[in-house]
Amino acid sequence: MRKELYKAVVLATSALSTGLALPSLAQAQTAGSDSESLVLEEVIVTARRRVEAAQDVPISMTVFDQDQLDNANIINAGDLATYTPSLQVNNRFGGDTTQFSIRGFSQELRTTASVGVYFAEVVAQRGANSSVSGDGAGPGDLFDLQNVQVLKGPQGTLFGRNTTGGAILLTPNRPTDELEGYIEGSVGNYDMWRGQGVVNVPVTDNIRLRFGIDHQERDGYLDNISDIGPDHFANVDYTSWRASMVIDFTDRLENYTILKGAESENNGYPGSIFACNADDPGIGSLVCVPDLEERKAAGNDGFYDVFNYIPNPKSKQEQWQAINTTTWDITDSLRLKNIISYAELETNTRNAIYGTNWNLFGSFFIFQMVGLSNERPTTDQTTFVEEFQVQGSGFDDRLTWQAGLYYEKSKPDDDYGSQSPAFIDCDQLSIQSGNPDDWRCNGTSSRGSVSSAPGGVTYENQAAYLQGTFDFNNHWSTTLGIRYTDDQTDGEVTESIYKFPAGELAPPNSVTTETRKPEEDSSKVTWMAGLDYKPTDDILLYAKYALGYRQGNVNLAGIEGLNTVGPEEVDSYEIGAKTAFFGTVPGTFNIAAFYNDFTDQQIQYGYFAPSGVGTTAVVNAGASTIWGIEIETSLRLFDGFVLSAGYTYLDTEVDEIVFPDLPPGLPVEGFNASTAEGEPLSYSPENKLVLTASYDLPLDADLGDMNISATYIYTDEMQAVSEETSIFATLDEYDLINLNFNWRSIAGSPVDLSVFATNVTDEEYITFLTGNWNTAGLESGQVGVPRMYGARLRYNF
């Protein structure tokens, strides 16, 4: 009977928990009996490009449905990482441009993504090469979703791009055959307000439409102490929309179209200065120390205080995408599927990276910033994707297989790139002009300059793949997959370095111009093999091997010899178990152990170019070992009370680093690397725990359904940069507590109420470090989000 009950309920996970989306427990009545029995509400996923129950998939994963995203107040990629063991983010440039890291595999500046993000099976559009953008979940992507699936470990056999870390799947709600929808409003601290609405319209029996819009505004939590520009930073102001249509031409031929777009514009995220190196004879002692002393004397040294020197900072992102999926079930055992997508992304960023207030030789001194020309964007990239799949089954459904061809081309829509001052005093508005004759700067420092670097990068990726699963019997099965990928990257940039006379604000008096056209081609055959054993219907044991690969890339900012990087590879081994059990304390328990041998690792380090401008290079310099354990469990301890937990233990170590020799004649010897031999990988905490307790209040059903929940998140200390470059290399551990109250169908009405609070203890913690202690005499970075709270009211129809 348990098997029938388990298989009978094929629903999304319970909407009442803010924890991990493990199969949840519910009451159901057994046929022919007045007694109630426990059943498992299965979580449905598409981790292997087909519909399956999560407990039947031999992949370590964390899944959230839309209710859980709402209850946890997850609105961007950084929020998603907070609740997901093994998942970390680099949010140096704000929530709109977050980079993901899974199991220690991170994306550096000027590398391609190590974690692929997919919306409706299409990989996220690429961004700029010389700055952080694209490749992730953009503003407003996390609404009206069926679920979010975080897949851990290499998934390149089946998915569009080969990556070493894993994949994140965003599955939107499809149009249904019901006239339904909702209108929702939220308010909160920092003058937050959010409006959201979705409507689903069945036009005919064969045509269904769905429309959604999401808008949010919130004041920033970073306080500007400069009296220049806005009062606050890290604010939120975005609008996201989505329209989808399903047409059933026949019972076997379906076309599914999605149009979506988003626009986000905020003040940006200037860096926070944490400490100054008084022993540094240059910047540290001469300008950084006096700056911090002045701030402290004025009472402007709070944890969320930043200094902005740009009169009109901005972080603007505009994107839109069209996705069309055609599915043709030729027979019950053969399906053809074609996915085509086109997307555009444009960003405009003007940001004080380090938030400095420094004077040198009697004039204001810009250490370094992300500059923006009024005549060209920071990013302007288009991405085209075409994928053709054939899916089938055979041998009395004992064999399920799929094969596919993949093509992706991402190219500049026009020239883009930064226009940035460094080590110089400039009239800020003048250097936003596209005409250098309009610029006014004081070249007192010999290293002072303004760089202008229009250009762009074209990525072309082609692949063919085949994967199948064969069931030997009801207990044993095996999965084999193979993929060939060819990646070509071509860049072009014309960089001009302008110098200025000393003593007064004046136009440039010299310019050095160089055109670079770096190219990098790479290809690889990757494969995976797995063996699964199901001793009972409620237990899955598995072991697998996967070869992961991340393509090489070019570096538009790199000097000759440091402007390309080759591919990296990882041999990944994993064993795991997924179990469901009943009895006095029913629930689920999933565990995975993994070991990764990481070679030709793409390592970033910073250096000063001959022009005096600080920049970074990415080279194949490392080899690392990564191993760990992941546990996710959900237990019903008593009626109405569910305890869910996710835990990751992660051990990373860099086994070898061999950096190339820097060219002679650089203004500063040495570099600041992101890691070093014998050290852990960046932003890879050894321990991370997410623990959620959820309780359904035992009230009269006429009042509606009430639930309260609390989530505790522990993130261990983690090394952000190499200890060889900064004494502050390791970030402190931190604890977060989030609370949530839900009241659904208030007094039998179609109205729901939610009250939420995140980081209720107002924990102060640092999320990113630049690692400039030894090379520049300071340490700076980004701070975490303070306490947020609010309420949400929804009307369902």
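In this text, all values refer to a predicted model and were calculated from it rather than measured experimentally.

Participant: An account of the overall build of the chain is requested, with residue identities and associated values reported.
Facilitator: If you tally the helices and strands in the chain, you get five helices and 50 strands. The globule rule puts the C-alpha radius of gyration for 797 residues at 28 Å, and the 27 Å found for the chain is close to it. Considering only C-alpha atoms, the chain reaches an extent of 95 × 55 × 50 Å along its principal axes. Buried residues in the chain amount to 60% of all 797 residues. Contacts in the chain between residues far apart in sequence, at least 24 positions, make up 69% of those at least 6 positions apart. For the chain, the exposed surface amounts to about 29,800 Å²; the carbon and sulfur share of it is 53%. Placing the 48 positive and 111 negative side-chain charges of the chain at their respective mean positions leaves the two points 5 Å apart.

Participant: So what's going on with the pairing of strand 43 (residues 705-715)? Residues and values would help.
Facilitator: Taken together, the nine bridges between strand 42 (residues 687-696) and strand 43 define a ladder with antiparallel strand orientation. From the neighbouring strand, Tyr695 faces strand 43, where its bridge partner is Ile708. Bridge analysis of strand 43 against strand 46 (residues 734-744) gives eleven bridges, and the strand direction is antiparallel. Among the inter-strand pairings, Ile713 is bridged to a residue of strand 46, identified as Leu736.

Participant: Please provide a residue-by-residue account of the state of the cysteines, values included.
Facilitator: In the structure shown here, the tally under the stated rule is two disulfides. The disulfide that involves Cys276 links it to Cys288, with 1.9 Å between the sulfurs. Torsion about the S-S bond of the Cys276 and Cys288 cystine: about -70°, corresponding to left-handed handedness. Of this pair, Cys276 sits in strand 19 (residues 272-276) while Cys288 sits in helix 4 (residues 283-297), placing them twelve residues apart in sequence. Residue classification places Cys288 among the buried positions, given a relative accessible area of 0%. Looking at the chain, its bonded cysteines, counted consecutively from the start of the sequence, adopt the pairing 1-2, 3-4.

Participant: Which residues make up the packing of aromatic side chains, and what values do they have?
Facilitator: For the structure on display, the rule yields 26 aromatic pairs. Over the aromatic face of Phe594 sits the side chain of Arg103, whose NZ or CZ is 3.9 Å from the ring centroid. The ring of Tyr182 has Arg794 sitting right over it, with the charged end atom 3.6 Å from the ring centre.

Participant: Account for a nonpolar patch on the surface, naming residues and giving values.
Facilitator: Taken together, the side chains of Leu466, Ile482, Tyr484, Val525 and Trp527 make up a nonpolar region of the molecular surface, amounting to roughly 460 Å² of accessible area. Where the nonpolar patch is concerned, the elements lending two or more residues are strand 31 (476-499) and strand 33 (519-536). Judged by its relative accessible area of 37%, Trp527 is partly exposed.

Participant: Which residues make up the sheet that holds strand 49 (residues 778-783), and what values go with them?
Facilitator: Spatially, the three strands line up as an open sheet ordered 19-49-48, and their pairing is antiparallel. Edge positions in the open sheet fall to strand 19 and strand 48 (766-769), since each of these has one partner strand only. On average, each strand axis in the sheet is tilted by 35° relative to the strand beside it, whichever way the strands run. Two strands pair when backbone bridges link them, and strand 48 and strand 49 are joined in this way by three bridges, in the antiparallel orientation. The residue bridging Leu769 from the neighbouring strand is Gly781, located in strand 49. Taken strand by strand, helix 4 contacts strand 19 and strand 49, and its axis lies near 115° from that of strand 19.

Participant: Quick rundown of unusual backbone geometry? Include the residues and the values.
Facilitator: For Arg103, which is not a glycine, the phi torsion comes out positive at approximately 55°. Mapped onto the secondary structure, Arg103 falls in the loop between strand 7 (99-102) and strand 8 (115-119). For Arg103, a relative accessible area of 1% translates into the label buried. At Asp762, a residue that is not glycine, the phi angle is positive and equals roughly 55°. Position of Asp762 relative to the elements: it lies in the loop between strand 47 (751-758) and strand 48.

Participant: So what's going on with the side chain of Gln467? Which residues, and what values?
Facilitator: If you trace the backbone, Gln467 turns up in strand 30 (residues 455-471). We classify Gln467 as buried; its relative accessible area is 9%. In contact with Gln467, not counting residues within four places along its chain, are Thr157, Leu158, Thr400, Trp401, Gln402, Thr479, Leu480, Gly481 and Met528.

Participant: Any chance you could break down the confidence of the model for the chain for me, citing the residues and the numbers?
Facilitator: Per-residue pLDDT for the chain has a mean of 88; in total, 92% of the residues score no lower than 70. Here residues 1-19 scores under 50 on pLDDT; set against residues more than four positions off or in separate chains, the count is 63 contacts. Overall, residues 26-37 carries pLDDT values under 50, and its contacts beyond four positions in sequence, including any with other chains, amount to 21 contacts.

Participant: For the pairing of strand 24 (residues 363-368), give the residues involved together with the corresponding values.
Facilitator: Most of strand 24 sits out of view: five of its six residues are buried. Here three bridges tie strand 23 (residues 358-360) to strand 24, and the two strands are oriented antiparallel to one another. Paired with Leu360 across the two strands is Ser363, which belongs to strand 24. Relative to strand 27 (residues 419-426), strand 24 runs antiparallel, the two being bridged by two bridges. Each residue of the ladder has a partner; that of Gln368, found in strand 27, is Ala422.

Participant: Could you give an account of the nonpolar core, with specific residues and numbers?
Facilitator: Among the nonpolar cores identified, the biggest contains 62 residues, and Met61, Leu80, Phe100 and Ile168 are the most heavily contacted of them. Each residue touching Ile168, except ones within four places of it in the same chain, is listed here: Leu80, Leu87, Phe100, Val115, Gly116, Val117, Tyr118, Val148, Gln149 and Val150. Of all hydrophobic cores here, the second largest spans 20 residues; its members include Ile559, Tyr607, Ala609 and Ile626.

Scoring rules and cut-offs
Residues numbered from 1 in each chain as written. Predicted model: local features only at pLDDT ≥ 70, side-chain atom pairs only at ≥ 80, totals over all residues. Heavy atoms only, no water. Helix = DSSP H or I, 4+ residues; strand = E, 2+ residues; numbered from the N terminus. Rg over C-alpha atoms; globule rule 2.2 N^0.38 Å. Buried < 20%, exposed > 50% of the residue type's maximum accessible area, 1.4 Å probe, protein only. Contact = heavy atoms within 4.5 Å. Areas by Shrake-Rupley, 256 points an atom, 1.4 Å probe, with all protein chains shown as cover. Lys, Arg positive; Asp, Glu negative; His and termini not counted. Charge placed at Lys NZ, Arg CZ, Asp CG, Glu CD. Pairing = 2+ DSSP bridges. Disulfide = S-S within 2.5 Å. Phe/Tyr/Trp six-rings, centres within 6.5 Å; stacked < 30°, edge-to-face > 60°. Lys NZ or Arg CZ within 6 Å of the ring centre and 35° of its normal. Patch = residues over 30% accessible without salt bridge, like charges linked within 9 Å, V, L, I, M, F, W, Y side chains within 5 Å. Salt bridge = Lys/Arg side-chain N within 4 Å of Asp/Glu carboxyl O. Axes fitted to C-alpha atoms, helices over the stretch in contact; angles between N-to-C directions. pLDDT = per-residue confidence, 0-100. Core = buried A, V, L, I, M, F, W, Y, C linked by side-chain atoms within 4.5 Å.

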